[in-house]
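# Descriptive structure summary
Here is what each chain is made of, one letter per residue.
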Amino acid sequence: MGIVLGDNSYGKAETRLVFVDRAAPQHRIVDFNVTTALSGDLAATHLTGDNTDVLPTDSQKNTVFAFARDGVGEPEDFAARLARHFVESQPAIRSATVDIESYGWDRMTVGGAPAHHSFVRAAGTRTASVTYDGTLSVSSGITDLVVLNTTGSEFWGYPKDPYTTLAETKDRVLATAVTARWRHRAGSDWAVSHAETLRLLLETFAEVHSLSLQQTLYAMGRRVLEEREEVAEIRLELPNKHHIPVDLSPFGLDNPGVVFHATDRPYGLIQATVTRDDA
Ligand SMILES: O=c1[nH]c(=O)c2[nH]c(=O)[nH]c2[nH]1
């Protein structure tokens, strides 16, 4: 029986980096969660414990902070800088992936004026994932973006087997927490590309009259590919955050679509990649 080492990588997960830009009286902040993953000729450490080629994960964490000294810019650019650095400075490293979660902070309004140094956490988390192995591949995304339509959603026409109890509906609450990740086929202004893609995802969620969350998902992905030519493909993961109408008849009350039980588990999970047929 032969035993061999398969795919492997190593890095520092979840380095929490906060950068405060004090250049103007109105401060700005960047709040990242950075994960590095390096791979290459790393058999020696696995097989014999020879660490000649193992840049410590502690050094990787330190690099994240050192590279932030003069500003970090867009998450895609910061991830690319780091990924390139690890491959170009470490002979054994062939490929580096840097994942960043970027938490948004909105400036507070205090006494009707924009605050100088006070912020409130924004909804949703922007994500970027960059791999450098001689060429750069860049994906951007969003996670934990919770959205809800109070109407404009139906679900009916499904098969009924002996275990089906779900009532068909022509009007339900549709809610989800969007996780989306899209691969770029060309570089672009990352901030604009992200803001516009997010706008398209949200607008489509709001505008589509939904016969299923699957239909909504596909429409969201399709709209992004139609309007953002820099995007090669997009993957969406949409948990169906069920809102179940409560039967109030035991209390002698009707419920004309006003009282719901928002359940958190279990939840339907709808996932798909929407791609170009030339991607
Ligand atoms: O939009 C939906 N898709 C499903 O596949 C499904 N299944 C279910 O129970 N409710 C729903 N809703």
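Residues numbered from 1 in each chain as written. Predicted model: local features only at pLDDT ≥ 70, side-chain atom pairs only at ≥ 80, totals over all residues. Heavy atoms only, no water.

The name given to the protein chain in an unreviewed UniProt entry is Uricase, with Fodinicola feengrottensis as the source organism. Listed under Catalytic activity (unreviewed entry) in UniProt, the entry text for the protein chain is "urate + O2 + H2O = 5-hydroxyisourate + H2O2". UniProt annotates the protein chain under Function (unreviewed entry) with the comment "Catalyzes the oxidation of uric acid to 5-hydroxyisourate, which is further processed to form (S)-allantoin." (UniProt positions renumbered as here; feature names shortened; annotations may be inferred.)

It is worth spelling out the pairing of strand β7 (residues 231-240) at this point. Taking burial as the measure, the 10 residues of β7 include 7 buried ones, the bulk of the element. Looking at chain direction, β7 and strand β10 (residues 268-275) are connected through 8 bridges and run antiparallel. Note on β10: the bridge partner recorded for R235 is T273. (Buried < 20%, exposed > 50% of the residue type's maximum accessible area, 1.4 Å probe, protein only. Helix = DSSP H or I, 4+ residues; strand = E, 2+ residues; numbered from the N terminus. Pairing = 2+ DSSP bridges.)

With 100% of its residues at a pLDDT of 70 or more, the protein chain has an overall mean of 98. The ipTM, which scores confidence in the relative placement of chains, is 0.99 for this predicted complex, and the corresponding pTM is 0.96. (pLDDT = per-residue confidence, 0-100.)

One finds L17, F32, V34, F78, L82, V98 and I100 to be the most contacted residues of the largest nonpolar core, which totals 26 residues. The biggest single contributor to this core is helix α3 (residues 75-89), with 7 residues. Not counting the four nearest positions on each side in its chain, V34 is found in contact with K12, A13, E14, T15, V64, L82, V98, D99 and I100. Of all hydrophobic cores here, the second largest spans 22 residues; its members include V178, A180, M220 and L225. (Core = buried A, V, L, I, M, F, W, Y, C linked by side-chain atoms within 4.5 Å. Contact = heavy atoms within 4.5 Å.)

Another aspect to go through is the domain arrangement of the protein chain. A common way to report how large an interface is uses the accessible area buried once the components associate. Assigned domains within the protein chain: domain 1 (15-134) and domain 2 (145-275). Between domain 1 and domain 2, the C-alpha centre-to-centre distance is 31 Å. The interface is formed by 9 residues belonging to domain 1 together with 6 residues belonging to domain 2. Carbon and sulfur atoms make up 57% of the surface buried where domain 1 meets domain 2, a total of about 580 Å² over both sides. When residues of domain 1 are sorted by the area they lose upon contact with domain 2, E74, E76 and R126 head the list and together hold 55% of the total. Our count for the domain 1 to domain 2 interface comes out at 0 salt bridges. The interface formed by domain 1 and domain 2 includes 2 residue pairs in polar contact (both at pLDDT 80 or more). Only α3 and β4 (113-132) provide two or more residues apiece to the side of domain 1 that touches domain 2. (Domains from an automatic or database assignment. Buried area = accessible area lost by both parts, 1.4 Å probe. Salt bridge = Lys/Arg side-chain N within 4 Å of Asp/Glu carboxyl O. Polar contact = N/O pair within 3.5 Å; in protein donor to acceptor, adjacent residues only side chain to side chain.)

This part covers the packing of helix α4 (residues 190-207) against helix α5 (residues 213-227). Relative orientation of the contacting elements α4 and α5 amounts to 140°, with a least axis distance of 9 Å. On the basis of the axis angle, α4 is oblique to α5. Two packed elements cross with a definite hand, and for α4 against α5 that hand is right-handed. Contacts between α4 and α5 involve T197, L200, L201, E203, T204, F205 and E207 on the former and, on the latter, T216, A219, M220, R223, V224 and E227. (Axes fitted to C-alpha atoms, helices over the stretch in contact; angles between N-to-C directions. Parallel < 35°, antiparallel > 145°, perpendicular 65-115°, else oblique. Left-handed = near helix turned anticlockwise from the far one by under 90°.)

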